[in-house]
Amino acid sequence: MAITPGEFRQIAELVYRLSGNFLTEDKAYLVEGRLKGLLAECKCSSYGELCRRARGDPLLQRRIVEAIVTTETQFFRDDGPFRALKYKILPEIIDRRSKGPGLVRIRIWSAGCSTGQEVYSIAITVKELLVDLSGYLVRILGTDISDEAIAKASRGIYSPFEIERGLSRELLFKYFERNGDQWKVKDELRALVTFRRHNLLEPFEPLGVFDVIFCRNVLIYFKPQDRKGILQRMARVLEPDGYLLLGASESLAGICDLFEPVEHFRTVIYRPRRGVGGDQLAGPL
C-alpha cells in the first residue's frame, strides 16, 4: 500500500512533534516500509487511518516513532573515535584529573545510543586502557528516545549477527558470555553503564556534566535550528576541557561556533572554545 503525500505529512508532523526527527519527502519509502507491519497489526486500511487512530493513543504514537526512528548501529562503528578516546581524550582527562585528591572521575554520554553497541564499545575502550578501575569512578550514560532500544541495551544481550558486526573474537570472549545461542555483556562491563530514555529536544541539565559526549550520526535527523539548539545545550553540560565526537560525515561548520575542531589520526573531534562549557548547575550523573 503506497502512502499519499498528505498521509506522509501527517506522520512526519507526528514524528517531529514527538521526537524532533525531521522527515523530508524523499523518506516516504522509509515510512512505508517501517510502518507496514504496524498497519497490518492494527488492521488499518490506510496510513491516514493509522495516523488518525494514533491521535488519541499515546502508546500507538510511540510505536510509530520507534518504528521510524533509525536504530542502525554496530560495535566500534567507524573506529576512529574510539582510537581518539583511548589514545588522546582519556589520557588527557586522566592526567588533569589525577592531580586532585580522591578518585579520578570520568563521565561519558552516548546520545542517541540505539540498542547499546556504542555504549559497550566505549566501556570496553575504557577497560582496555585502564584495566584496573580501582582508582577511578567511571560513569557511562546511554540515552535514546526509543523505549524498545533502551530495553535491549539494558539487557545487553546480542545475537551472533550483531556481535560479528565490529567486535573481535578476543574482545568477545573477554567481555561477553554465552546466553543460549546469544551473547550477554559480562557484569563487570555492565556495571559501568546506565541507560535512560531521553529526547534530545528536552533539557540536558538533569543528565549531569560530562567529560566526553558521543553524538554520532544523530544530528542529521534534525532540522538545522534544532541541531544548533542541541549543540548549544551540549556545550553547557560539557566540561571546559571535555570533548564532543560526531559522526564521520557530520560537521559543525555553519551550525555552531561554540566548539573548535581537533584532528587526531585523521579523526576530527571537538572541544569547547575558551570560556565555553561546564555548567555547574547541572546535576550529578
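## Describing the overall build of the chain
- Each helix and strand counted, the chain has eleven helices and ten strands in total.
- Relative to a compact globule of 285 residues, whose C-alpha radius of gyration would be 19 Å, the chain shows 20 Å and is just as compact.
- When the backbone C-alpha atoms are referred to their principal axes, the chain occupies close to 65 × 50 × 35 Å.
- Going through the 285 residues of the chain one by one, you find that 51% of them count as buried.
- As displayed, the chain offers around 13,700 Å² of accessible surface, 50% of which is attributable to carbon and sulfur atoms.
- Considering the chain, the positive charge centre built from 43 side chains and the negative charge centre built from 38 side chains are found 1 Å apart.

## A few points about the sheet that holds strand β4 (residues 176-179)
- An order of β3-β5-β4 is seen for the three strands of this open sheet, with the pairing classed as antiparallel. One side of each edge strand has no neighbouring strand; the edge strands of this open sheet are β3 (157-158) and β4.
- Alignment of β3 against strand β5 (residues 182-185), held across two bridges, turns out to be antiparallel. Of the residues in β5, the one forming a bridge with Ile-157 is Lys-184.

## Examining the environment of Ala-12
- Within the secondary structure, Ala-12 is located in helix α1 (residues 5-19).
- Take Ala-12: its relative accessible area is 11%, and that puts it in the buried class.
- When the C-alpha atoms of Ala-12 and Phe-195 are compared, they prove to be 27 Å apart, with 183 residues separating the residues in sequence.

## As for the packing of helix α5 (residues 80-97) against helix α6 (residues 117-130)
- Their axes nearest at 10 Å, the elements α5 and α6 cross at an angle of 55°. Here α5 is positioned oblique relative to α6, judged by the angle of their axes. The way α5 lies across α6 gives a crossing that is right-handed. Between α5, through Phe-82, Leu-85, Lys-86, Leu-90, Pro-91 and Ile-94, and α6, the contact on the second element is made entirely by Glu-118, Ser-121, Ile-122, Thr-125, Val-126, Glu-128, Leu-129 and Leu-130.

## With respect to the pattern of salt bridges
- Per the stated rule, a full pass over the model turns up 20 salt bridges.
- Two residues, Arg-62 and Asp-147, come together in a salt bridge whose shortest N-O distance is 2.6 Å. Of this pair, Arg-62 sits in helix α4 (residues 58-68) while Asp-147 sits in helix α7 (residues 147-155); the two residues are 85 residues apart in sequence, bridging distant segments of the chain.
- Look at Asp-147 and you get partly exposed, because its relative accessible area is 31%.
- The network of salt bridges with common partners includes Lys-88, Glu-92, Arg-96, Arg-97, Arg-107, Asp-211, Glu-239 and Asp-241.

Basis of the calculations
Residues numbered from 1 in each chain as written. Predicted model: local features only at pLDDT ≥ 70, side-chain atom pairs only at ≥ 80, totals over all residues. Heavy atoms only, no water. Helix = DSSP H or I, 4+ residues; strand = E, 2+ residues; numbered from the N terminus. Rg over C-alpha atoms; globule rule 2.2 N^0.38 Å. Buried < 20%, exposed > 50% of the residue type's maximum accessible area, 1.4 Å probe, protein only. Areas by Shrake-Rupley, 256 points an atom, 1.4 Å probe, with all protein chains shown as cover. Lys, Arg positive; Asp, Glu negative; His and termini not counted. Charge placed at Lys NZ, Arg CZ, Asp CG, Glu CD. Pairing = 2+ DSSP bridges. Axes fitted to C-alpha atoms, helices over the stretch in contact; angles between N-to-C directions. Parallel < 35°, antiparallel > 145°, perpendicular 65-115°, else oblique. Left-handed = near helix turned anticlockwise from the far one by under 90°. Contact = heavy atoms within 4.5 Å. Salt bridge = Lys/Arg side-chain N within 4 Å of Asp/Glu carboxyl O.

By themselves, these observations are geometric and do not establish any function.
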